[in-house]
Amino acid sequence: MRLRNIAIIVLAIVTLVGCKPTLNENIITPAPQSVTWGDEHVEVSDGLYLNLHVDDEHKPRIMAALHNTGIKLASEYHDGKSMSLDISVIAKPESDEQRGIDESYTLDITRQGVTITATTDAGIFYAIQTLGQIYSSLGMLWECHIEDAPRFAYRGILIDISRHFRTKEFLMRQIDIMAEHKMNRLHLHLTDAAGWRLEVESYPRLTSYAAWRTPATWKEWWNGDRQHVEEGTEGAYGGYLTKEEARELVAYAADRYITIIPEIEMPGHSDEVLAAYPELRCTQHPDRQGDLCIGKEATFEMMQSILDEVIEIFPSEYIHIGGDEAGKSSWMECEDCQRRMREEGLESVDELQSYMIHRIEEYLNARGRNIIGWDEILEGGLAPNATVMSWRGEEGGLAAAAAGHDVVMSPHGYCYIDAPQDAPHTQPESIGGYLPLEKVYSYDPAPATMAEDVAKHILGVQANLWAEFIVTDEHYEHMLWPRALAVAEIGWSMPENRDYDMFRERAVRIVDGMIERGYSPFDLKNEVGNRPESLEPVEHLALGKSVTYLEPSRYYAPKYAAAWDATLTDGLRGTWTYADERWQGFLGRGGVDVVIDMEEVTHIESISADFMQICGPGVFMPCRVEIWLSQDGEEYEQVADIEWEVILDELPSFKSFGWEGSAEARYIRYKAHRSKYTGFLFVDEIIVR
Ligand code: ACM
Ligand code: ZN
């Protein structure tokens, strides 16, 4: 017993004294271009204190960059155990054709000190972030030589502060995490139906009225009468950034090499503007529709005046002018819009929208700025210098790039982080869908197969956090992180340096660190993952058997056709999202009504099909399911008639409707009735055993 204790103690001493720390090389996010680790570690047991050897002009910038890294500058009060930090800023080579500013850097760590080389302050800033990550991950430094530069010039996120207002302080906290991971664009969705969020002196009702509403949540407001109220009204919910706050935010972001891109929506999504200034409505359209009247000059006077104030606050090259999802129908009947179309020779309402975007582009170009807009700005003809943000997929972006326009890719299937990131029943209510970290990470904005002359116009990538269902700071952060980190790495790291398992390991650690700092990211350690049924194809008796769609369910929605007539017997079960091309969507009155031909009389013991319900986007359970069997296809015997009470619930649900028994049949008729709620029925597979 004694001997054993002594042996353990000796072993422990040997371990402590004799063992070199090991290096976990997977510590830098986003993954850098090249790292060569040395053999030696650099002990900094009482904290890392750096002596700066740089020109005075760089000192304040470097001190700001050290913020949040855990690294301190050596001061006269320190006991002297500090390292030196040499920073050289070299002139930008003439031949450098990189887009935007040069953000590259090299970082060398030796026992003698740390050396950073970069051509710009941004490069120095990013080198210090890398240094901070090495130090905080290892608790020491390690000899290395790192050469790093971003793959894309634009690495952004959109935060929607219209649907639910967020403060300057909240945004600054997100900017900190963005900057630590080398993101450089924050697109603020400042204006939309649910609230205007930026002080504009020339149009004060935008903030004294259009920034406030009752009730508080977007969902109740949208499903109610969508009223705005005067600031100060009891129960008024909302808010806005004053000009002073916006300027502080811009400066805070700029210190961290992040450009804030303001979005001022036009001509659609402008219900709140029309609520405050109803004279900009289309004639003959006094009520609920959100498109500005393009026929009236007052619309241009107002938008130009707003933009004058916006560009005075936001130095961004790009001003986002929205351009998405205009309804356009009021323009067809409005006498002012019709007159504008006649006078300008415009043949469609698409061209009318394009007319407005062209004019606004000209206005901003004359003031040294460029417009960026959602891909709908392609409709009716793209303005000559416009940059396109591709969200409905990649097609708009690819078309714009092929025509020589710059593009930011933000396709909803990969970049819409308002969708839940884990099994939807474990997540807060959301817009629906399923967008786990791995799916975001799998996106490549410019794959190797893309033509070179198209790829050169892809500026980068952006994730969008729309906030219809997101009410609190904690919930915003839960949706943003860690998925925005995946965008940071897509945007920065070269494809050959990207590996999901490695990234995930780092993301788990970053999330832990964020929780320690008081953030509320999604805790990746507890990820449930995709719907278990979807992970493996299912074997069953009806696999590959033909399915006849009876009238009127013949007309499943083409957008949700999945594998068309093969879907219900292809063995592929749906994931958590109906947009996975496995779930088939039925929109018509008839619900689902299909016959499976088993090809011969077959002994059958069970028949079942799963449905999903996600009320937000209008996906509901059936209210009744009937199943019939037949041997000859003429005479059917009903074996099941199941009633179901559809209850509206905030959380998505999945449910099987089926029959169990014993029967001989060749034909199976499966009929699911739609409930009183208008929307979709989604079904993935009819399983026969
Ligand atoms: C958008 O999601 N309407 C840009
Ligand atoms: Zn009009």
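Owing to the predicted nature of the structure, the values given are computational and were not obtained by experimental measurement.

1. Things to note about the coordination of the zinc ion (ligand 2)
- At this site the zinc ion (ligand 2) is bound by C282 (SG), C293 (SG), C334 (SG) and C337 (SG), with donor distances of 2.3 to 2.4 Å.
- Read in sequence order, the donor residues coordinating the zinc ion (ligand 2) give the pattern C-x10-C-x40-C-x2-C. Taken as a pair, C282 in the loop between α8 (271-276) and α9 (297-313) and C337 in helix α11 (residues 335-344) lie far apart in primary sequence, 55 residues in all.
- With relative accessibility at 3%, the residue C282 sits in the buried group.

2. Let's talk about the nonpolar core
- Grouped together as the largest cluster of nonpolar side chains are 151 residues, with contacts concentrated most on I134, L141 and I306.
- Sort the elements by how many residues they give to this core and helix α3 (residues 121-138) lands first, with ten residues.
- Beyond its immediate stretch of four places on either side in the chain, I134 contacts I27, I28, W37, L107, I109, G139, M140, L141, W142, C144 and I146.
- Grouped together as the second largest cluster of nonpolar side chains are 34 residues, Y556, L568, F586 and V683 included.

3. With respect to the packing of aromatic side chains
- Enumeration according to the criterion identifies 32 aromatic pairs in this entry.
- Both rings, one in Y556 and one in F586, keep their centres 6.0 Å apart while their planes meet at 80°; by these two values the pair is edge-to-face. Of this pair, Y556 sits in the loop between β20 (546-549) and β21 (584-586) while F586 sits in strand β21, and the two are 30 residues apart along the sequence.
- Since its relative accessible area comes to 1%, F586 is described here as buried.
- Three or more aromatic residues link up through ring pairs in this structure, and these residues are F125, Y126, Y257 and W492.
- For R173, the ring lying beneath its charged end belongs to Y519, and the centroid distance is 4.0 Å.

4. Some words on the pairing of strand β19 (residues 458-465)
- Among the eight residues that make up β19, eight are buried, leaving the element largely enclosed by the rest of the structure.
- As defined by bridge partners, strand β8 (residues 154-160) adjoins β19 across six bridges and the pair is classed as parallel. Directly across from R155, in β19, lies its bridge partner V461.
- Direction of pairing for strand β18 (residues 407-409) relative to β19: parallel, over a ladder of three bridges. Looking at β19, one finds that M409 is bridged to V461.

5. With respect to empty space enclosed by the protein
- One pass over the structure, following the stated rule, counts four cavities of 30 Å³ or more.
- Volume-wise, the largest cavity comes out at about 60 Å³.
- As for the largest cavity, its lining consists of A64, A65, H67, N68, F125, Q129, D176, A179, E180 and R256.
- For the lining of the largest cavity, the elements supplying multiple residues, two or more each, are α2 (59-66), α3 and α4 (168-180).
- Among the elements that make up the lining of the largest cavity, the one with the highest residue count is α4 (three residues).
- Taken together, the residues of the lining of the largest cavity sort by class into four nonpolar, three polar and three charged.
- The computed volume of the second largest cavity comes to approximately 60 Å³.

Definitions and limits used
- Residues numbered from 1 in each chain as written.
- Chains lettered and ligands numbered in written order.
- Predicted model: local features only at pLDDT ≥ 70, side-chain atom pairs only at ≥ 80, totals over all residues.
- Heavy atoms only, no water.
- Donors = N, O, S within 2.8 Å, 3.2 Å for Na, K, Ca; no water.
- Helix = DSSP H or I, 4+ residues; strand = E, 2+ residues; numbered from the N terminus.
- Buried < 20%, exposed > 50% of the residue type's maximum accessible area, 1.4 Å probe, protein only.
- Core = buried A, V, L, I, M, F, W, Y, C linked by side-chain atoms within 4.5 Å.
- Contact = heavy atoms within 4.5 Å.
- Phe/Tyr/Trp six-rings, centres within 6.5 Å; stacked < 30°, edge-to-face > 60°.
- Lys NZ or Arg CZ within 6 Å of the ring centre and 35° of its normal.
- Pairing = 2+ DSSP bridges.
- 1 Å grid on protein atoms, 1.4 Å probe; cavity = no way out; pocket = protein on both sides within 12 Å on 5 of 7 lines; lining within 4 Å.
- Points joined across faces, edges and corners; volume = space filled by probe spheres on them.
- Nonpolar A, V, L, I, M, F, W, Y, C, P; charged D, E, K, R; others polar.

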